[in-house]
Amino acid sequence: MTEPSGETAPEAPEDVAPTEDVQEDVRQGAAEPEEPGTAEESASAEGPATDEEPPPAEEPGGAEEPDEPAADGAAEEPDEPAATDDATEESAEPAGADASPESTDAEAAEAADAASGASEEPGAGGDAVAKASDTPELSDAQAELAAQRELRAKIEARKAEKEGPLASGAKLSGTAADLLAAVRAVEGGAASGSAFYEAPEPAPRRPTPEAAPAMTVRPPVPAQGSAPAPGTTAAVREVLAKGGAPEALAGQVAAALGEGAHQALLDDPWQLLAVSGVRPEQADGFARALLGAACGPDDPRRTVALTVWLLERAALQGHTALEIDTVRAGLAGHAVPDPGSAVEEAVSAGAVLVFQEEETAEEEPEEDEESPEAAEAAAEEPASPVLLGLDRYALAEESLADGLARLVRTATADAWEGSELARAAGAHGLVLHTGGEASRAEPVALAAAARERGLRTLVAVHADGGRRALGTAGADAVTVAALLSGAAGPGRDEEGAFALDLLVVLDAPQLDVETAAMLVESLSDGCRLVLSGDPAVLGAPGAGQVFGDVLAARVCPRIASRVPDPGPLGELVSGVGAGELNQVEAPGKEIVIVPVRDAGEAVHRTVQLVADSVPRAIGVPAEQTQVVTVGHGGSAGTRALNAALKQRLNPGPGRFGGFDPGDRVAYAAVPGRTVTGTVLSADAEGLRLRCGDEELLVPKERVESALRHGWALTAHQAAGARWPAVVVVLPGDAAGGLSRPWVYTAFGRAERHLSVVHGVDQALPRAVAEGVAPERTTRLRPLLEALLAVPEE
């Protein structure tokens, strides 16, 4: 049994539904996801690179490489890239991987690392960072995690007060026997799945809060981290040693399982799967060492833990639930003798929930007698699938659906003059706005006009880089993370609601279901919500597809922008969104294609572009040029590229936890949100960074897990931000990880110049034409349709 690495789980699970890819992943035990990135990125990072000369590839632009002598640097000796790890990374546990919605502060911190999006395992070292000292000052990450826990507690308390049957299907209730009877009855067709669910009454209306300033910037909410007691860690260490597991896991196990962790492991060794990075075969070996002949592949403790683990793995890929047959297949892939009974055991134990959403009935023309053909067709129509999910995501989806329905029903219609978007926002409580990068000006203008009307208005974005891209308008914008943590934004009333009349959220496709639920739960009755974003970009870095589900539900106005993205880059990206890789005229070298034969040449040419060609020919310095690649592993993944770029741009021994002053870094302060910055210094408390206009302290205990070098990022890490120049690296072994959303997102990060290091031959135009990412399995759409269905007259 090997010790799990410090690499974190996908920053964002790519849109992967339980189709062939995910089903194969689940059935075969699934290769662990690469460190933060996506399932899609992970798939691309492991393939072999080819040494053969590829045939001419279709190129999106016709310009030459920026430096006039195209071979400039080709004759030079390539920078020696650091050795890369081609092995699949250990998987990491998503935030709150326990089936219980409650967790300790340490669990939340571990979960934040697991879903962060950090890209590279830092080297050992860090004499200044490794030494203990005074209590470190509170970080923004801790503040946001504390705020999230508080809001989740309010959501759970609110849910507990609700009674009555829910027609659309919510979480199961009753005793374990009731749960077991429910899953059997639903599967056997004896009863509708919704008969076993509880459903909420309409949420009580909040009083309209008193007027408050539109923006109040203040320090983060205080929070106290609850590290496991030394005695708990020591006891866990003894149990791990007895079972042959690495004793270094003691802290993670104690944080994940809390007080009594050692006894929990003795009673159920498969609880080790609650620790990020631990694989089922490793937990099996640990259980055999502790239990001997008393355990087997059909041990109920094992099957329950595996069922939960499969659903947690699916959440890393964006799913909030999985079809029951997919879970059974995954259990069979891990040698569970009777997968059907194993699922029933997990449901009866309350570890997972079972759902079957009712289809929204459509009105049909009245006829005197139903034709036999119509009756036969209705009988053959497949019922909605039976889904399994974790309480954590079920609670978030139901709370989000309730909150959106509340906003729709409590908004007071008003006649606003102006654009189509303004008129829709005045008349409705929830409005969706779609468009490319240029269209972001429309919701920003809406917010400005609403502010002039005297409304308390705020604009929130996904990443700090997205806020800066708004220019002067960005001064009144905050990130979603800062808003939820209380670091920025308006004050709250006594019930925790924001003092807002209108909230405009840009980059809405990056909202995962838990973040969206906390955001909507924090809006008072009558508040208007505008969700704006580009539906063609990669999905959220967490479980769920909130923006896509609300768009598909058709329960509110949807305003599509007609503002095109300008210039050659806008033309190229718009074509990719339509499924076409067009030849684009780029007279100002806005688009450059750099063909390469293998991954080693791709690394060399990337370093040359960033350090020399782009600054000299385009005028964009290296610190404003971002490299984007498909995955973290492989010969041209983020680790290899960052090692080579550090060697060229900021060589040093990495004496501060693998970092030196001047290093570009990617910091995952909270799950799924990566900010880029530069290392300023290090002291006994940790590493000090400059991220945009502010300075951040990364506590020494979080350096290894939350910080990576940031010259090269994945497309998921880069989503929501833009740079003057972008170098997209597509080595030959990346072909399997390409899709239209990936290409669209990566190419769209460039403002002035895009270089494509092209080694995938015809895989690029094929991915643009055919590579539509599979949908995620979620429940938000049917929940919304049931709550906001408009009866036909």
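What counts, and where the lines are drawn
Residue positions are counted from 1 within each chain, in the order its sequence is given. The model is predicted, so local features are restricted to residues of pLDDT at least 70 and side-chain atom pairs to those at 80 or more, both for listing and for counting; the totals for chains, interfaces and linings are taken over all residues. Side-chain numbers come from the whole structure's heavy atoms, not from hydrogens or water. In this text, helices come from DSSP runs of H or I with a minimum length of four residues, and strands from runs of E with a minimum of two, each type numbered from the N-terminal end. Classification of residues uses two cut-offs on accessible area relative to the type maximum, computed with a 1.4 Å probe and protein chains only: under 20% is buried, over 50% is exposed, and between them is partly exposed. In this description, contact between two residues means that some pair of their heavy atoms is separated by no more than 4.5 Å. The method behind every accessible area is Shrake-Rupley, applied with a 1.4 Å probe, and residues are considered shielded solely by the protein chains displayed. The length a helix should cover is 1.5 Å for every residue beyond the first. Any Lys or Arg side-chain nitrogen found within 4 Å of a carboxyl oxygen on Asp or Glu counts as a salt bridge. Pairing between strands is defined by DSSP: at least two bridges between them are needed. Throughout, an axis means a line fitted to C-alpha atoms (over the contacting stretch in the case of helices), and angles, computed between N-to-C directions, take values from 0 to 180 degrees. Crossing handedness follows the turn of the near helix against the far one: under a right angle anticlockwise gives a left-handed crossing, and clockwise gives a right-handed one. For this scheme, ten residues count as nonpolar: Ala, Val, Leu, Ile, Met, Phe, Trp, Tyr, Cys and Pro. Four count as charged, namely Asp, Glu, Lys and Arg, and the remainder, Gly too, count as polar. With the strands aimed away from the viewer, a crossover counts as right-handed if its path from the first strand over the helix to the second runs clockwise. Orientation labels follow simple angle bins: below 35 degrees gives roughly parallel, above 145 gives roughly antiparallel, 65 to 115 gives roughly perpendicular, and whatever is left gives oblique. Geometry of aromatic contacts follows a simple scheme: Phe, Tyr and Trp rings, the Trp one being its six-membered ring, pair when their centres are within 6.5 Å, and the pair is stacked under 30 degrees between planes, edge-to-face over 60, tilted otherwise. We call a charge positioned above a ring when the Lys NZ or Arg CZ atom is no farther than 6 Å from the ring centre and deviates by at most 35 degrees from the ring normal. Definition of nonpolar core: a set of buried residues of the types Ala, Val, Leu, Ile, Met, Phe, Trp, Tyr and Cys, connected through side-chain atoms within 4.5 Å. A score from 0 to 100, pLDDT tells how confident the predictor is in each residue. For the purposes of these results, a polar contact is taken to be a pair of N or O atoms within 3.5 Å, where, inside protein, one atom must be able to donate a hydrogen and its partner to accept one; residues adjacent in sequence count only when each atom of the pair is a side-chain atom.

A short note on the overall build of the protein chain
Part 1 of the argument: Per the secondary structure count, the protein chain includes 29 helices and 19 strands.
Part 2 of the argument: Burial status across the protein chain gives 59% buried among its 793 residues.
Part 3 of the argument: In the protein chain, the share of contacts with a sequence separation of at least 24, taken over all contacts with a separation of at least 6, comes to 80%.
Part 4 of the argument: About 30600 Å² of surface is accessible on the protein chain, with carbon and sulfur atoms providing 50% of the total.

Comments concerning helix H10 (residues 280-291)
Part 1 of the argument: For H10, built from 12 residues, the straight-helix expectation of 16 Å at 1.5 Å per residue is met to within 8% by its first-to-last C-alpha distance of 16 Å.
Part 2 of the argument: Listed in full, the buried residues belonging to H10 are Pro280, Gln282, Ala283, Asp284, Phe286, Ala287, Leu290 and Leu291.
Part 3 of the argument: Directly beyond the C-terminal end of H10, a positive phi value near 65° is found at Gly292.

Describing the pattern of salt bridges
Part 1 of the argument: Counted according to the given criterion, the structure contains 21 salt bridges.
Part 2 of the argument: Between Arg456 and Asp501 there is a salt bridge whose closest N-O contact spans 2.8 Å. Within this pair, whereas Arg456 is found in the loop between helix H17 (441-452) and strand E5 (457-461), its partner Asp501 is found in the loop between helix H19 (480-485) and strand E7 (502-505), the two being separated by 45 residues in sequence.
Part 3 of the argument: Each of Glu397, Glu398 and Arg779 takes part in salt bridges that share partners, so that together they form one network.

Re the pairing of strand E14 (residues 686-691)
Part 1 of the argument: As paired strands, strand E13 (residues 673-682) and E14 are joined by 4 bridges and run antiparallel to one another. The partner of Val679 across the bridge, within E14, is Leu689.
Part 2 of the argument: Note that E14 and strand E15 (residues 694-699) share 6 bridges and pair antiparallel. Its bridge partner being in E15, Gly686 is matched across the sheet by Pro699.
Part 3 of the argument: In this structure, the hairpin formed by E14 and E15 is closed by a connection of 2 residues, where Gly692 is found at a positive phi of approximately 70°.

Looking at the packing of helix H15 (residues 391-410) against helix H29 (residues 780-788)
Part 1 of the argument: Relative to each other, H15 and H29 sit at 35°, their axes nearing to 9 Å. As H15 runs across H29, the sense of the crossing is right-handed. On H29, the residues touching Glu397, Glu398, Leu400, Ala401, Asp402, Leu404, Ala405, Val408 and Arg409 of H15 are Leu780, Leu783, Leu784, Leu787 and Leu788.
Part 2 of the argument: Grouping the constituent residues of the contact of H15 with H29 by class yields 10 nonpolar, no polar and 4 charged.

Describing the environment of Leu240
Part 1 of the argument: Looking at the secondary structure, you find Leu240 in helix H7 (residues 230-242).
Part 2 of the argument: In this structure, the C-alpha to C-alpha distance between Leu240 and His262, residues 22 residues apart in sequence, is 8.6 Å.
Part 3 of the argument: Residue contacts for Leu240: discarding those within four places in its chain leaves Ala245, Pro246, Glu247, Leu249, Ala250, Val253, Leu265, Leu272 and Phe286.

Side note on the pairing of strand E19 (residues 750-758)
Part 1 of the argument: E19 sits mainly inside the fold: 7 of its 9 residues count as buried.
Part 2 of the argument: In this structure, strand E10 (residues 591-595) lies alongside E19, joined through 5 bridges in parallel fashion. Residue pairing for E19: Ile593 is matched across the bridge by Val756.
Part 3 of the argument: Both strand E18 (residues 723-730) and E19 contribute to a ladder of 7 bridges, which runs parallel. Counterpart to Ala725 in the pairing with E19 is His753.
Part 4 of the argument: Handedness of the E18-helix H27 (residues 740-747)-E19 crossover: right-handed.

Brief notes about the packing of H7 against H10
Part 1 of the argument: Viewed as axis vectors pointing N to C, H7 and H10 meet at an angle of 90°, and their least axial separation amounts to 8 Å. Classified by the angle their axes make, H7 and H10 are roughly perpendicular. Listed contacts from H10 to Val239, Leu240 and Lys242 of H7 are Phe286, Ala289 and Leu290.
Part 2 of the argument: Considering only residue class, the contact of H7 with H10 consists of 5 nonpolar, no polar and 1 charged.

Points about the sheet that holds E5
Part 1 of the argument: With parallel pairing, 6 strands are arranged side by side in an open sheet as E6-E5-E7-E8-E4-E9. Edge strands, defined here as strands with exactly one partner in the open sheet, are strand E6 (477-479) and strand E9 (558-560). Neighbour-to-neighbour, the strand axes of the sheet open up by a mean angle of 25°, direction not taken into account.
Part 2 of the argument: Across the sheet, helix H21 (residues 546-553) is in contact with strand E4 (430-434), strand E8 (528-533) and E9; its angle to E4 comes to roughly 110°.

A closer look at the packing of aromatic side chains
Geometrically, a pair of aromatic rings is defined through the distance of the ring centres and the angle of the planes.
Part 1 of the argument: The final tally for this structure, using the stated rule, is 0 aromatic pairs.
Part 2 of the argument: Of note, Arg779 hangs over the ring of Phe355, and the distance from its end group to the ring centre comes to 3.8 Å.

Quick word on the sheet that holds strand E1 (residues 322-323)
Part 1 of the argument: Read from one edge to the other, the open sheet built from 3 strands follows the order E1-E3-E2, with strand pairing classed as antiparallel. The sheet is open, and its two borders are formed by E1 and strand E2 (353-355), each paired with just one other strand.
Part 2 of the argument: Note that E2 and strand E3 (residues 387-389) share 3 bridges and pair antiparallel. What sits directly across from Val354, in E3, is Leu388.

Quick look at helix H8 (residues 250-257)
Part 1 of the argument: Counting buried positions over the 8 residues of H8 gives 6, a clear majority of the element.
Part 2 of the argument: Looking at H8, one finds that the buried residues are Ala250, Val253, Ala254, Ala255, Ala256 and Leu257.
Part 3 of the argument: Taken from the residues just after H8, Gly258 is the one with a positive phi, measuring 75°.

Some details on the nonpolar core
Part 1 of the argument: With 94 residues, the main nonpolar core has Leu240, Leu503 and Leu529 as its most contacted residues.
Part 2 of the argument: The greatest single-element share of this core, amounting to 9 residues, is contributed by helix H11 (residues 300-316).
Part 3 of the argument: Sequence-distant contacts of Leu503, defined by excluding residues within four places in its chain, comprise Leu458, Ala460, Leu483, Leu519, Leu523, Cys527, Arg528, Leu529 and Val530.

Here we look at the side chain of Asp299
Part 1 of the argument: Topologically, Asp299 is positioned in the loop between H10 and H11.
Part 2 of the argument: Contacts of Asp299, omitting those with residues within four sequence positions, involve Trp270 and Ala294.

Details of the confidence of the model for the protein chain
Part 1 of the argument: Taken as a whole, the protein chain shows an average pLDDT of 76; of its residues, 66% reach a score of 70 or greater.
Part 2 of the argument: Segment residues 1-59 is flagged for pLDDT under 50; beyond a separation of four residues in sequence, or across chains, it makes 243 contacts in the model.
Part 3 of the argument: Of the regions scoring below 50 in pLDDT, residues 191-225 engages in 105 contacts with residues more than four places distant in sequence or in other chains.

Describing the side chain of Asp663
Part 1 of the argument: If you trace the backbone, Asp663 turns up in the loop between helix H24 (638-649) and strand E12 (664-670).
Part 2 of the argument: Polar contacts involving the side chain of Asp663 include one to the side chain of Lys646, which spans 3.0 Å.
Part 3 of the argument: Other than its neighbours up to four places away in sequence, Asp663 contacts Lys646, Asn650, Gly658, Gly677, Thr678, Val679, His709 and Trp711.

Describing the environment of Arg740
Part 1 of the argument: Along the chain, the position of Arg740 falls in helix H27.
Part 2 of the argument: In the structure, Arg740 is positioned 32 residues away from Val772 in sequence and 5.6 Å away in space, judged by C-alpha atoms.
Part 3 of the argument: Setting aside its immediate chain neighbours within four residues, Arg740 contacts Val576, Gly577, Gly579, Ala767, Val768, Ala769, Glu770, Gly771 and Val772.

Re the environment of Glu585
Part 1 of the argument: You can see Glu585 is positioned in the loop between helix H22 (567-577) and E10.
Part 2 of the argument: A relative accessible area of 69% means that Glu585 is categorised as exposed.
Part 3 of the argument: Each C-alpha atom, one on Glu585 and one on Gly567, is 9.6 Å from the other, the two residues being 18 residues apart in sequence.

Topic: unusual backbone geometry
Part 1 of the argument: For Asp507, which is not glycine, the phi dihedral falls at a positive 55°.
Part 2 of the argument: When you line up the elements, Asp507 lands in the loop between E7 and helix H20 (513-521).
Part 3 of the argument: Residue class for Asp507 comes out buried when judged on its relative accessible area of 12%.
Part 4 of the argument: At Asp761, a position not held by glycine, the phi torsion is positive, near 55°.
Part 5 of the argument: Summarising the element assignment, Asp761 is placed in the loop between E19 and helix H28 (763-770).

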